[in-house]
Amino acid sequence: MPFVPSEPAAPSRTRARLLLSAGLLALLGGLVALILVITSSAGPDRAGRPPVAPDSTLTPVPSGPANTTPASVEPSITAIPPPANLPVVDYDAAPGGFPADPDPLSTVRLREGLHPTAKVGAYDAPGGRPRAFLAPTLAGVPLTVPIVERRSGWAAVLLPSANRTVAWVPPGNWTTVALRDQLVVERKTYKLTWLRDDKPVQTWRTTLGTRETPTPLGRTFLLGRSTLIGQVYADTDVFALGAIPDDPDAVPAGLRGAHIGLHTWYNDDDLGTNVTDGCIRITRSGQRKLLAELDPGTSLVVVDKLPAATPGPLTTG
């Protein structure tokens with residue numbers, strides 16, 4: 001339910017909540033209560049944005065080659081009509097019964113996003129049981145979910161408001177968008193790397209979740225961005241992710257039902273430490289760069305550490 005924003009005297013341990021256009025959003029890792037409006041990051045000129053020159057000193061994330069083999073013809077799989085009373089996936093925890101992500105720690109870039117153009121059924125398998133609906137918007141934001149697999153016209157997508165979980169969507173009532181970017185977070189080295197077209201562009205040091213409220217491992221994505229009121233987030237928008245806390249009971253009661261976020265902070269004192277309720281913090285200049293460059297649906301994968309032999313240098317700009 002809505003609440004009155006407040007700013008406690010001790011910002012290091014205060015709580016943050018985000019009020020979405022479709023309900024209450026509590027963003028983990030922020031420490032002050034604020035009213036926000038979540039918005040799409042796509043602007044009218046984004047299609048003409050020039051490519052960013054890659055930083056050749058950074059270590060590429062392992063990625064698979066594009067599949068140039070002609071796809072074989074697969075038999076069609078009929079979808080069972082979903083009952084009208086199924087829940088719609090929203091900002092609360094997603095319904096159960098969906099399968100696990102088949103490769104949750106993969107750093108292969110997810111190249112396509114699925115955008116529902118109407119309410120579509122979300123199934124536990126191609127031709128399987130419908131478990132919920134995906135709507136064109138979630139919490140007032142146009143929804144784009146990364147595609148992790150295709151089969152007989154069906155698409156497996158990362159499920160919003162869940163961790164390391166996919167849903168299968170049958171053909172029809174959705175379009176695809178190209179996803180050029182990827183974010184990779186390494187928990188052991190407190191490093192976030194931004195890649196475009198599989199080439200590292202820039203890397204930043206991070207602040208991550210505590211032992212009790214760790215930043216969840218696995219693949220997730222940028223759900224949308226929120227405009228903040230106040231200065232604790234350095235007057236900079238926040239990315240809400242599709243991920244949620246692994247243990248909802250471990251976070252403060254005021255943050256139950258929250259999503260993990262990617263954001264900056266009013267100072268950089270805690271970079272390289274574990275003090276958040278699960279969120280990922282980077283520098284203000286880094287957050288503003290990502291806000292200007294990344295689209296909803298961009299994948300973000302959290303791993304403990306990449307197998308690269310020589311990590312790229314950290315940059316704080």
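Conventions used here
- Every residue gets a number counted from 1 within its own chain, in the order that chain's sequence is written.
- Confidence filtering applies because this is a predicted model: local features only for residues at pLDDT of at least 70, side-chain atom pairs given and counted only at 80 or more, and all residues used for totals across whole chains, interfaces and linings.
- Note: side-chain values were computed over all heavy atoms of the structure, leaving out hydrogens and water.
- Any residue under 20% of the maximum accessible area for its type is buried, any over 50% is exposed, and the rest in between are partly exposed; the area is computed with a 1.4 Å probe on protein chains only.
- By definition, any uninterrupted DSSP run of H or I lasting at least four residues is a helix, any uninterrupted run of E lasting at least two residues is a strand, and each is numbered from the N terminus.
- Strand pairing is assigned whenever DSSP detects at least two bridges linking the two strands.
- Just to be clear on terms, a salt bridge is a Lys or Arg side-chain nitrogen sitting within 4 Å of an Asp or Glu carboxyl oxygen.
- Distance and chemistry together define a polar contact, namely a pair of N or O atoms within 3.5 Å, with one atom able to donate a hydrogen and the other to accept it when in protein, and with adjacent residues in sequence counting only for side-chain atoms on both sides.
- Every residue pair with non-hydrogen atoms within 4.5 Å of one another is taken to be in contact.

Side note on the pairing of strand S14 (residues 191-196)
Summarising burial for S14: 6 of the 6 residues are buried, a large majority. Of the two faces of S14, the one holding Lys191, Thr193 and Leu195 and the one holding Leu192, Trp194 and Arg196 are both buried throughout. Of the pairings in the sheet, the one linking strand S13 (residues 181-186) to S14 comprises 6 bridges and is antiparallel in character. Each bridged residue has a counterpart across the sheet, and for Leu183 the counterpart in S14 is Trp194.

Let's talk about the pattern of salt bridges
Counted under the stated rule, the structure contains 15 salt bridges. One salt bridge connects Asp197 with Arg180, and the closest N-O pair in it is separated by 2.7 Å. Of this pair, Asp197 sits in the loop between S14 and strand S15 (199-205) while Arg180 is found in the loop between strand S12 (174-178) and S13, placing the two residues 17 residues apart along the sequence. Residue Asp197 is classed as partly exposed on the basis of its relative accessible area, which comes to 32%. Owing to a relative accessible area of 29%, Arg180 belongs among the partly exposed residues under this scheme. For Asp270, the salt bridge identified is with Arg281, shortest N-O distance 3.7 Å. Residue Asp270 is located in the loop between strand S19 (261-263) and strand S20 (274-276), and its partner Arg281 is located in strand S21 (residues 280-281); the two are separated by 11 residues in the primary sequence. Residue classification places Asp270 among the partly exposed positions, given a relative accessible area of 27%. On the basis of relative accessibility, which here comes to 3%, the residue Arg281 falls in the buried class. When salt bridges that share partners are traced, they join Asp181, Arg196, Lys289 and Glu293 into one network.

Things to note about the side chain of Thr298
Tracing the backbone shows Thr298 in the loop between helix H1 (284-293) and strand S22 (299-303). At a separation of 2.8 Å, a polar atom in the side chain of Thr298 contacts the main-chain carbonyl oxygen of Asp295. Apart from residues no more than four positions distant in its own chain, Thr298 is found in contact with Leu179, Asp181, Gln182, Thr220, Phe221 and Leu222.

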